[in-house]
Amino acid sequence: MTTILVIEDEKAIHRNLLKLLNAEGFETLSADNGSTGVQLAQTKQPDLIICDILMPGLDGYGVLHILQQDPSTATIPFIFLTAKTKQTDMRQGMTLGADDYVTKPFTRAQILSAIAARLQKVKLRQQQSILNPNLPNRRLLQKRFNQLEKPGNQGKLQIFLLSLEIEQLNQLNNTLGLAIGDQLLQAVVERLHHHLGQQDAIAQIGSDHFIILLSRSYHKPESIQIVETLLKAFDLPFQVDSHQIFLSAYIGIAILGRDGRDLDTLIRHASVAREEAKQPGNRRYQFYIASIGAKSQEAFELETQMRQALERQEFQLYYQPKVNLLTGQIEGAEALVRWNHPQRGIISPVEFIPLAEKTGLIVPLGEWVLRQACQQARVWQDQGIFPLRIAVNLSPRQFNQSNLTNFVVDILQETGLKPNYLELELTESTLVQNPDTAIATLKQFKSLGIRISIDDFGTGYSALSQLKQFPFDVLKIDRSFVCKLTEDSRDEAITTAILQMAQSLKLKVVAEGVETLSQLNFLKGHHCDEIQGYWFSPPLSAEAFAKLLSTGKKFPLLSS
């Protein structure tokens, strides 16, 4: 019999839903808060979960996050039940891993249709795993672990469990479609098998998350060699149909005995280590240590607060002027998000943006930023302020959404801002992940009149032969080159080369992070088009930015 867990704090809805499900022959489990719901899901392993979003204490988003981090509950179909009907709310839930979204008030037919659709997908997935013995499965992993875990099997050597995440895999499934997505998954699995032993067990426990259990005992240096070989295997692109696809992989490692004795604990600890590997400046693999676990708990608490911050309107946009070096006029602004935390004050984007990207919260946050920035630009126009182009950053997750173009058009229509006053900034690493798809998307934006800027230029590892394919209008020199521009001859040479290349390609160049007069003079002397940075102005609130515009402030150097 199919068991459904209902997590709902509104008594009347909870009671009626249980009554409906029982009448349809389902077995039910019941929780009136998020914490109890998590405990029931982990101990009873229901076939499906229906969960309200707005609950006191642990809300529905928090429930979903905890269950997705637990391998034993990560694949249970999850349906959100809520009165929140905005498109951004729905997209937030789906991005975080929900399977469906039913709004209140709902009819009997609506809830039963959602349940039937989710259960049918599970059935098809189970049939596929039986028909295709090459597809990894968790049952094989548990069986192999039980054999290796037996006393006497290890000796003086160690058993290693790897948690491998392949970035972009989930987004590509949504962008390219299920057929291409399945072919890509098969290609990934084949490449992994090619670099592993025949008895090594692999399981896919999420759309982009694999667990690998090495079947032999190794010394630590040997395990590192295997891990580095696996990571190197992803340096080459995957050719699927007519698509050339680049993927990035990260690995966390846990050791049987030292980091846990049961499979679930090892998976959890290896996954924590994997998240550490994804942090800027770290190697692409990390071994689990207890201090990482403590840091992971802090990150989870911040993530929970970030979800609430969206609802409580704790985020605020600041605007940094972009100034034309020929006229001295402010020609535009970059919208930069800040989090005004009620206890901690202003939290740096360096701290919360990577976490938002990792958890998927970057999608609803990015949507809020885009809408808010467009709305503010239109307000300034209505106030009679000289029309400015507003620049907004798009994260990799946002850019890989299949409906991105339609969404941007909707926001422009909703706010009344003309497309030629919007500039979208993307990093070069985002563009070169899947060039064909990126080029098609950028051409759609260009046809609308939206300006395209490539951000942080020079910091990635892409080749110029790739970048010249993309139809962008603006090239931004990263602040890491500008900050030592007059102190380091290499940064000076790189910046000069970028400016010359951009001029030959007829691209506008914006230098960010300009903080000194010597940096400004160098850029002006080498015909840079625009700058932004603290030398002219820090990022400002909307009110302060409007006040700056009203003063008519210009570069003092440019009068000569």
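In this text, all values refer to a predicted model and were calculated from it rather than measured experimentally.

Asker: I'd like a rundown of helix H10 (residues 263–277), residues and numbers included.
Answerer: Helical geometry note: an α-helix holds 3.6 residues per turn, so side chains three or four residues apart project in the same direction. Under the 1.5 Å per step criterion, the end-to-end length of H10 is 21 Å for 15 residues, consistent within 8% with the ideal 21 Å. Of all 15 residues in H10, 13 are buried, a share of seventy percent or more. Where H10 starts, the residue carrying a side-chain oxygen 3.3 Å from the main-chain nitrogen of Asp264 turns out to be Asp262.

Asker: Account for the sheet that holds strand E2 (residues 27–31), naming residues and giving values.
Answerer: Spatial strand order, E2-E1-E3-E4-E5: five strands in an open sheet with parallel pairing. In the strand order of this sheet, the two ends are held by E2 and strand E5 (100–103), each with one partner. Within this sheet the neighbouring strands show an average axis-to-axis angle of 20°, counted without direction. With four bridges connecting them, strand E3 (residues 48–52) and strand E4 (residues 78–82) associate as parallel partners.

Asker: With reference to specific residues and values, describe the environment of Arg397.
Answerer: Relative to the assigned elements, Arg397 resides in helix H14 (residues 396–399). C-alpha separation for the pair Arg397 and Val363, spaced 34 residues apart in sequence, amounts to 6.8 Å.

Asker: Describe the side chain of Ser271, and please don't skip the residues or the numbers.
Answerer: Along the chain, Ser271 falls in helix H10. Since its relative accessible area comes to 8%, Ser271 is described here as buried.

Asker: How would you sum up the side chain of Glu512? Please name residues and give values.
Answerer: As for its placement among the helices and strands, Glu512 is situated in strand E20 (residues 508–512). At 3.4 Å, the side chain of Glu512 and the side chain of Lys476 are in polar contact. Apart from residues lying up to four places away in sequence, Glu512 is in contact with Glu334, Asp455, Asp456, Lys476, Ile477, Asp478, Arg479, Val482 and Gln532.

Asker: How would you sum up the packing of aromatic side chains? Please name residues and give values.
Answerer: By the definition in use, this model includes eleven aromatic pairs. Summarising the aromatic geometry, the rings of Phe234 and Phe238 are spaced 5.9 Å apart at their centres and angled 50° between planes, so their arrangement reads as tilted. Taking relative accessible area as the criterion, Phe234 reaches 4% and is therefore assigned buried. Aromatic ring contacts, followed pair by pair, group Tyr61, Phe78, Phe80 and Tyr101 into a single cluster. For Arg191, the ring lying beneath its charged end belongs to Phe238, and the centroid distance is 3.7 Å.

Asker: Tell me what's going on with the nonpolar core, and back it up with residues and numbers.
Answerer: When a protein is soluble and globular, its nonpolar side chains tend to lie buried together. By size, the foremost hydrophobic cluster in this structure holds 78 residues, and its most contacted members are Tyr319, Leu370, Ile390, Leu422, Leu523 and Phe545. It is helix H13 (residues 362–382) that contributes the most residues to this core, nine residues altogether. Ignoring anything within four residues of it in the chain, the contact list for Leu523 reads Leu325, Leu485, Thr495, Ala511, Val514, Cys528 and Ile531. One finds Leu164, Leu176, Leu185 and Ile202 within the second-largest nonpolar core, a separate group that totals 34 residues.

Asker: Which residues make up the confidence of the model for the chain, and what values go with them?
Answerer: Residues of the chain with pLDDT of at least 70 account for 87%, and the chain-wide mean is 83. Within the chain, helix H4 (residues 87–95) has the poorest average pLDDT of any element, 60, and strand E16 (residues 389–393) the best, 96. Per-residue pLDDT stays below 50 along residues 128–133; that stretch engages in one contact with residues further than four places along the chain or on separate chains.

Asker: Describe the pattern of salt bridges, and please don't skip the residues or the numbers.
Answerer: Tallying each qualifying case throughout the model produces 21 salt bridges. Residue Arg451 is joined to Glu423 by a salt bridge in which the shortest nitrogen-to-oxygen separation is 3.0 Å. Of the two residues, Arg451 is situated in strand E18 (residues 451–457) and Glu423 in strand E17 (residues 422–427); the sequence distance between them amounts to 28 residues. The network of salt bridges with common partners includes Lys322, Glu334, Glu423, Glu425, Arg451, Lys476 and Glu512.

Scoring rules and cut-offs
- Residues numbered from 1 in each chain as written.
- Predicted model: local features only at pLDDT ≥ 70, side-chain atom pairs only at ≥ 80, totals over all residues.
- Heavy atoms only, no water.
- Helix = DSSP H or I, 4+ residues; strand = E, 2+ residues; numbered from the N terminus.
- Expected span 1.5 Å × (residues − 1).
- Buried < 20%, exposed > 50% of the residue type's maximum accessible area, 1.4 Å probe, protein only.
- Polar contact = N/O pair within 3.5 Å; in protein donor to acceptor, adjacent residues only side chain to side chain.
- Pairing = 2+ DSSP bridges.
- Axes fitted to C-alpha atoms, helices over the stretch in contact; angles between N-to-C directions.
- Contact = heavy atoms within 4.5 Å.
- Phe/Tyr/Trp six-rings, centres within 6.5 Å; stacked < 30°, edge-to-face > 60°.
- Lys NZ or Arg CZ within 6 Å of the ring centre and 35° of its normal.
- Core = buried A, V, L, I, M, F, W, Y, C linked by side-chain atoms within 4.5 Å.
- pLDDT = per-residue confidence, 0-100.
- Salt bridge = Lys/Arg side-chain N within 4 Å of Asp/Glu carboxyl O.

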